[in-house]
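Per-entry structural report
Residue-level listing of the chains:
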Amino acid sequence: MSAVSQSEIAKQLDLCVKCGACMAVCPVYLAQRHERGVARGKLALIKEREANHLAATSGYMQTINACLLCGSCTQSCPNQVDTKSVVQAARARLVLDRKSSRIKRFVFGRLLPSRRLWPLVLKGLRLGRVVWAKRVPAESGMYLRLFRDGSGRRRKIPDLVAPFFLDRKHVFENHTDGARVAVFTGCLGNYMHPQAVEGIISFLQRNRYGIQVPAAQGCCGLAAFGVGDNRAARNLAVRNLDALLPAGAAWPDYITTPCASCAYMLKNHLPELISDDPQRAERAKELASRVVPFSRLWEQMCRPARVVAAENTSKKPVLTYHDPCHLSRGFGEKDAPRNLLQSLSGAGFVEMEHPCKCCGHGGSFNISNYDLSLEIAQKKVDGILSSGADVVVTECSGCLLQLLDALAKVKPDIEVITTAESFLRYS
Amino acid sequence: MLERKIIGCLEDIVGSEYVKTSEEDRVLYGYDATPFAPKTLADAVVFPSTADEVAEVVLLANQYRFPVVPRGAGSNLSGGARPIRGGVVLSTQRMAEIIEIDTDNLQARVQPGVVNRDLQLRAQQHGLFFAPDPQSLEFCTIGGNLAENAGGPRAVKYGVTRQHVLAIQAVLPTGGLARFGARTIKSVAGYDMVSLLVGSEGTLGVITEATLRLLPLPQTRSTLLVVFDKVEACARAVSKTLQAKVIPSALEFMDQNAIRCVEAYQPSGLPTGAEAILLVEVDGSNADVDESSKRVEKIMRSSQAAAVTRSTSPEHAQALWKARQAVGPSLARIGPIKVNEDVVVPLSRLAEAVSGIDAISKKYRLACACFGHVGDGNLHVNFLLNDNHPDLMERVEQAVGELFALVVSLQGSITGEHGVGTSKQPYLSLELGDVQMDAMLRVKQALDPLGVLNPGKIFPIDKPFDQGTVG
């Protein structure tokens, strides 16, 4: 069930020559300035651990958990060492060895993937927040994680929508002449930002494509995969595969989603996770070949001749774009979202400084290293503020949550939305 | 392992949170970028924040006799930052402040942990730059640059690190805090201790502050890409360029194997039939650059260059440099294990060196690619391996031995940039005779009688560390 084979991991570990090039780009290292933070350090420890020279101490686990999986190191590495996969495999081993945090396993492996439990918990949390926040002792880890950061500031979480997107009745005007597109909402689209899904649907309708929103889809599983819970991730992979490409039914030509991290999970990790299931492996490859992140789909379908930035008049809101790691490095896609934003008649566009730098969310990283996560986000916030933009657009739910939380602490009136929502609003 | 008592003393000096002894920290600060180095572990890692703390740590080391290994970014390629005798690794990561950029005197005063790139960026804001530009400048530290006397492509015009250090503050091996040099271009008061400590690989002092020369950023630069069918013609062209009183700001060389590697991995439009290419960069005022580029072009054409391309814009120049930047990653694709030697020869012997290296790689049946800062005679000879099979490694070892003998016979040096550390120790006597070795050893013994600072580097020193270390 491991996503990447043991021999591949060993090969990647041997490829690291410890030159140190990752030190120049690793967001965690640049914040911590300790060898623990950086890719070559993590690889060195994992290699020691694999050779059983090092125990799974709490220090080891902290180090392995303190990786954003952003892939910046691989990009600057002369040997292109795939640190992300090695770290994920090391986390999976911790889960198998029952070393990882039980709370984390429960939250990311069970709670988050569940379409029944997670919404209940979220609702409960929001309702009980005021009461509970007073009752739960302030030193409780749960309290600290969910409500406050180290300096006592509140964590900003977007409101939940009722009913959730996938629980609503949807009637689409379905065109049979064009390509058929299945929409994967992702947790953000389902629970918090249905506008993102509506943006995609509006785009598809306008261009007369066939639309499917399979109701049986669930969480993409990246959160579970990220903490090393490959079993939970695999269950979700099976569920999503059966929902999106049901055996014996007509398959969509494309699968798109407002979140590039979901897209990356479906395209890359899903087939890896079920490669050992003979009944599904082929279908998983079919699915992977159909996954296209929203902005890329927009570009492919619209084939904009050449997007010229619209004249910026003072009345229009100004957008800026943050590159999610999974889109810019994962899919190698930086142009499509920018072309999309610059094509919007209702908004202006401005680049921020270092748009490709990781926002510091990193899924579970944000939970286990909240202060560090915010410290990394601060650089991003500085860039956003000096860009003068009114709205930050991105294409990843993790980035969106992170930027929203980080901005809420300094300039809460700056909005954070997805590319799909920007299409809905400003096209 | 260090006794608990000593760890306690270290904690008193730098604060308990800045003394690390966990298994992970000992692994993490036990390596540097040296290939094929055996695993080494620190007993403890300390992160001092001031020169006084560094001095106290070194004093303690003298008292209890344990090794102190100074470490910057740990990007060293010859084992300099490895705690081969255990003891304390002293990291400069917390001493990373650019104290001042003195635009009146064109100087910078920095702490040792400052990353070279960060200094470059700060200097640029004032229209200045720091000349040393090792390939690792994005992450290596100034302290490491000084300790290793680092050089880079710009050395052909601007020299190596030593030429850009005016003064240093350093903790000497017996714990004294000394200031050497002056904040002036000239100073002949006593021995030139700055030059002695720069390049001493952490064996004669821990540099805690440096006053560096900055230079005005040139107005403009221009790049020429020159292709040669014959490598001998290329070597002659290099000499002719310098004889013609044109000093390029970079003069980089790639041999046929390097070219083919690049084309296989990241096609850059280089002719794979060519035996060598040169990348020549000239900098200066607009008029100077125009004049020198024309002269270089003329020299190249008269030296049987097959093709000369002159950059028409900064972007075009960048595109021309792409091929050179792709060499490292490309070689990794061909043979992920790379034995990289940084030999250097006088310019007049370049052609002999190149053909000699070719003969050696053929003799030992090794894939070999050469590239480097040929303007200063520095050649990076890379033997590329797919695995580290013992037979193969033995062939490499013999080839390396012959390579060093070759460069010494050509009046060159076995290491231009990377330092001796541990990896070049076996070959040092090829270049240095008994008298020279003895003089150097006596300097080391005079300054570091107990041998606490980076023991076992440059020269094999066997002094027991009976009190501080066990086993």
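Since the model is a prediction, treat every value here as computed from it, not as a measurement.

Calculation notes
What you see as residue numbers is a count from 1 along each chain, following the sequence as written. Just so you know, chain letters begin at A and ligand numbers begin at 1, following the order they were written in. Only residues with pLDDT of at least 70 are given local features in this predicted model, and only at 80 or more are side-chain atom pairs given and counted; all residues enter the totals for whole chains, interfaces and linings. Working definition: helices are DSSP H or I runs of at least four residues, strands are E runs of at least two. Numbering for both runs from the N terminus. Note on method: radius of gyration uses C-alpha positions; expected globular size equals 2.2 Å times residues raised to 0.38. Exposure criterion: with C-beta atoms placed from backbone coordinates, a residue whose C-beta has 20 or more other C-beta atoms within 10 Å is buried, one with 12 or fewer is exposed, and one in between is partly exposed. Once C-beta atoms have been placed from the backbone, residue pairs whose C-beta atoms lie within 7 Å are recorded as contacts. In this scheme, a helix's expected span is set at 1.5 Å multiplied by one less than its residue total. This arc corresponds to the set of directions leading from the helix axis out to the C-beta atoms. In this analysis an axis means a line fitted to C-alpha atoms, helices contributing only their contacting stretch, and an angle means the value between N-to-C directions, from 0 to 180 degrees. Here roughly perpendicular refers to angles of 65 to 115 degrees, roughly parallel to angles under 35, roughly antiparallel to angles over 145, and oblique to all remaining angles. Think of it as three bins: nonpolar holds Ala, Val, Leu, Ile, Met, Phe, Trp, Tyr, Cys and Pro, charged holds Asp, Glu, Lys and Arg, and polar takes everything else, Gly as well. In this scheme the handedness of a crossing depends on how the near helix is turned from the far one: anticlockwise by less than a right angle means left-handed, clockwise means right-handed. Whether two strands pair depends on DSSP finding at least two bridges between them. As a per-residue measure, pLDDT tells how confident the predictor is, with possible values from 0 to 100.

**Focus on the overall build of chain B**
- A tally of regular secondary structure across chain B gives 16 helices and 18 strands.
- Against the 2.2 N^0.38 benchmark of 23 Å for 471 residues, chain B shows a C-alpha radius of gyration of 23 Å, consistent with a compact globule.
- Taken along its principal axes, the extent of the C-alpha atoms in chain B is 70 × 60 × 40 Å.
- For chain B, with 471 residues in total, the buried portion stands at 51%.
- Of the contacts made within chain B by residues no fewer than 6 positions apart, 72% connect residues no fewer than 24 positions apart.

**Looking at the overall build of chain A**
- Helices and strands together make up the secondary structure of chain A, namely 22 helices and seven strands.
- For chain A, buried positions account for 51% of its 427 residues.
- For chain A, the proportion of contacts with a sequence separation of at least 24, taken over those separated by at least 6, is 78%.

**Side note on helix α10 (residues 286–302) of chain B**
Residues and elements named next belong to chain B.
- Between its terminal C-alpha atoms α10 stretches 24 Å, which fits the 24 Å expected from 17 residues at 1.5 Å a residue.
- Looking only at α10, the buried set comprises Ser 292, Ser 293, Val 296, Ile 299 and Met 300. Viewed end-on, α10 has its buried residues packed into an arc of 130°, placing them on one side of the element. Opposite the buried face of α10, at more than 90 degrees from it, the exposed residues are Asn 286, Ala 287, Lys 298 and Ser 302.
- Close packing links the buried residues of α10 with β12 (220–228), α8 (231–243), β14 (276–284) and β15 (305–310).
- Within two residues after α10, Gln 304 carries a phi angle of roughly 65°, on the positive side.

**So, the packing of helix α13 (residues 230–244) of chain A against helix α14 (residues 260–273) of chain A**
All names here are of chain A.
- As a packed pair, α13 and α14 sit with axes 9 Å apart at the nearest point and diverge in direction by 105°. In terms of axis orientation, α13 runs roughly perpendicular to α14. Each of Asn 230, Ala 233, Arg 234, Ala 237, Asn 240 and Leu 241 in α13 lies in contact with α14, whose residues at this interface are Leu 266, Leu 270 and Leu 273.
- For the contact of α13 with α14, the per-class residue count stands at six nonpolar, two polar and one charged.

**Comments concerning the interface of chain A and chain B**
- Taken together, the 23 residues of chain A in the interface contact 21 residues of chain B.
- Sorting the residues of the side of chain A that touches chain B by element identifies α3 (39–50) and α4 (58–65) of chain A as the ones contributing at least two each.
- In terms of residue count, the dominant contributor to the side of chain A that touches chain B is α3 of chain A (four residues).

**Concerning the packing of helix α13 (residues 350–363) of chain B against helix α14 (residues 390–409) of chain B**
Residues and elements named next belong to chain B.
- Where α13 meets α14, the closest approach of the two axes is 10 Å, and the angle between their N-to-C directions is 160°. In terms of their interaxial angle, α13 and α14 are classed as roughly antiparallel. The way α13 lies across α14 gives a crossing that is right-handed. Counting all contacts with α13, which are made through Ala 353, Gly 356, Ile 357, Ile 360 and Ser 361, the residues of α14 involved are Ala 399, Glu 402, Leu 403, Leu 406 and Val 407.
- Partitioned by chemical class, the residues of the contact of α13 with α14 number seven nonpolar, two polar and one charged.

**What to know about the sheet that holds strand β1 (residues 180–183) of chain A**
Residues and elements named next belong to chain A.
- Spatially, three strands are ordered β2-β1-β3 in an open sheet, and the strand pairing comes out parallel. Each end of this open sheet is capped by a strand with a single partner; those strands are β2 (210–212) and β3 (254–256). On average, each strand axis in the sheet is tilted by 30° relative to the strand beside it, whichever way the strands run.
- Two strands pair when backbone bridges link them, and β1 and β2 are joined in this way by three bridges, in the parallel orientation. Residue Ala 182 lies in a different strand from β2, and its bridge partner there is Gln 212.

**As for the environment of Trp 251 of chain A**
Residue and element names in this part refer to chain A.
- Relative to the helices and strands, Trp 251 resides in the loop between α13 and β3.
- Residue class for Trp 251 comes out partly exposed when judged on the 16 C-beta atoms lying within 10 Å of it.
- As a C-alpha pair, Trp 251 and Pro 163 span 88 residues in sequence and 28 Å in three-dimensional space.
- If we skip the residues at most four places from it in the chain, Trp 251 touches Leu 245 and Glu 286.

**Some details on the sheet that holds β12 of chain B**
All names here are of chain B.
- Within the open sheet, the seven strands sit side by side as β15-β12-β14-β13-β17-β18-β16. Their pairing is antiparallel. In this open sheet, the two edge strands, each paired with only one partner strand, are β15 and β16 (337–344). On average, each strand axis in the sheet is inclined to that of its neighbour by 20°, with strand direction left out of account.
- One ladder, built from five bridges, connects strand β17 (residues 367–372) with strand β18 (residues 378–385); its direction is antiparallel. Residue Phe 371 lies in a different strand from β18, and its bridge partner there is His 380.
- Together, β13 (250–255), β17 and β18 form the strand contacts of α13, whose direction differs from that of β17 by roughly 160°.

**Quick notes on unusual backbone geometry**
- Here the phi dihedral of His 354 of chain A falls at roughly 45°; this positive angle occurs in a residue that is not glycine.
- In this fold, His 354 of chain A is placed in the loop between β5 (348–349) and α19 (364–368).
- According to the C-beta neighbour criterion, His 354 of chain A is partly exposed, with 13 such atoms within 10 Å.
- Not every positive phi belongs to a glycine, and Phe 36 of chain B is a case in point at roughly 60°.
- Positionally, Phe 36 of chain B belongs in the loop between α2 (23–28) and β2 (44–46).
- Since 12 C-beta atoms lie within 10 Å of it, Phe 36 of chain B is described here as exposed.

**Concerning the environment of Glu 198 of chain A**
- When you line up the elements, Glu 198 of chain A lands in helix α11 (residues 194–206).
- Residues Glu 198 of chain A and Cys 302 of chain A, spaced 104 residues apart in sequence, show a C-alpha to C-alpha distance of 18 Å.

**Some details on the pairing of strand β5 (residues 98–102) of chain B**
All names here are of chain B.
- Across four bridges, β5 lies against strand β6 (residues 107–110) in antiparallel orientation. Bridging from a neighbouring strand, Ile 98 pairs with Val 110 of β6.
- What sits between β5 and β6 in their antiparallel hairpin is a turn of four residues, with Leu 106 showing a positive phi close to 55°.

**So, the confidence of the model for chain A**
Residue and element names in this part refer to chain A.
- Considering every residue of chain A, the mean pLDDT works out to 87; 88% of them sit at 70 or more.
- Summarising per-element confidence for chain A, the mean pLDDT is lowest in helix α9 (residues 141–147) (42) and highest in strand β6 (residues 391–394) (98).
- Low confidence marks residues 129–152, where pLDDT is under 50. Its contacts with residues over four positions away, or in another chain, come to 20 contacts.

**Focus on the confidence of the model for chain B**
- Confidence in the prediction of chain B, expressed as mean pLDDT, is 92, and 98% of residues score 70 or more.
- Scored as a complex, the prediction yields pTM 0.89 and ipTM 0.92.

**Some details on the environment of Asp 12 of chain B**
- Among the secondary structure elements, Asp 12 of chain B is positioned in helix α1 (residues 4–14).
- In this structure the C-alpha to C-alpha distance between Asp 12 of chain B and Glu 53 of chain B, which are 41 residues apart in sequence, comes to 9.9 Å.

**Quick look at the pairing of strand β9 (residues 177–181) of chain B**
All names here are of chain B.
- Pairing of strand β8 (residues 165–171) with β9 involves five bridges; the strand directions are antiparallel. Across the sheet, residue Ala 170 finds its bridge partner in β9, namely Ala 178.
- Between β8 and β9, which pair antiparallel in sequence order, lie five residues; one of them, Gly 175, sits at a positive phi of approximately 105°.

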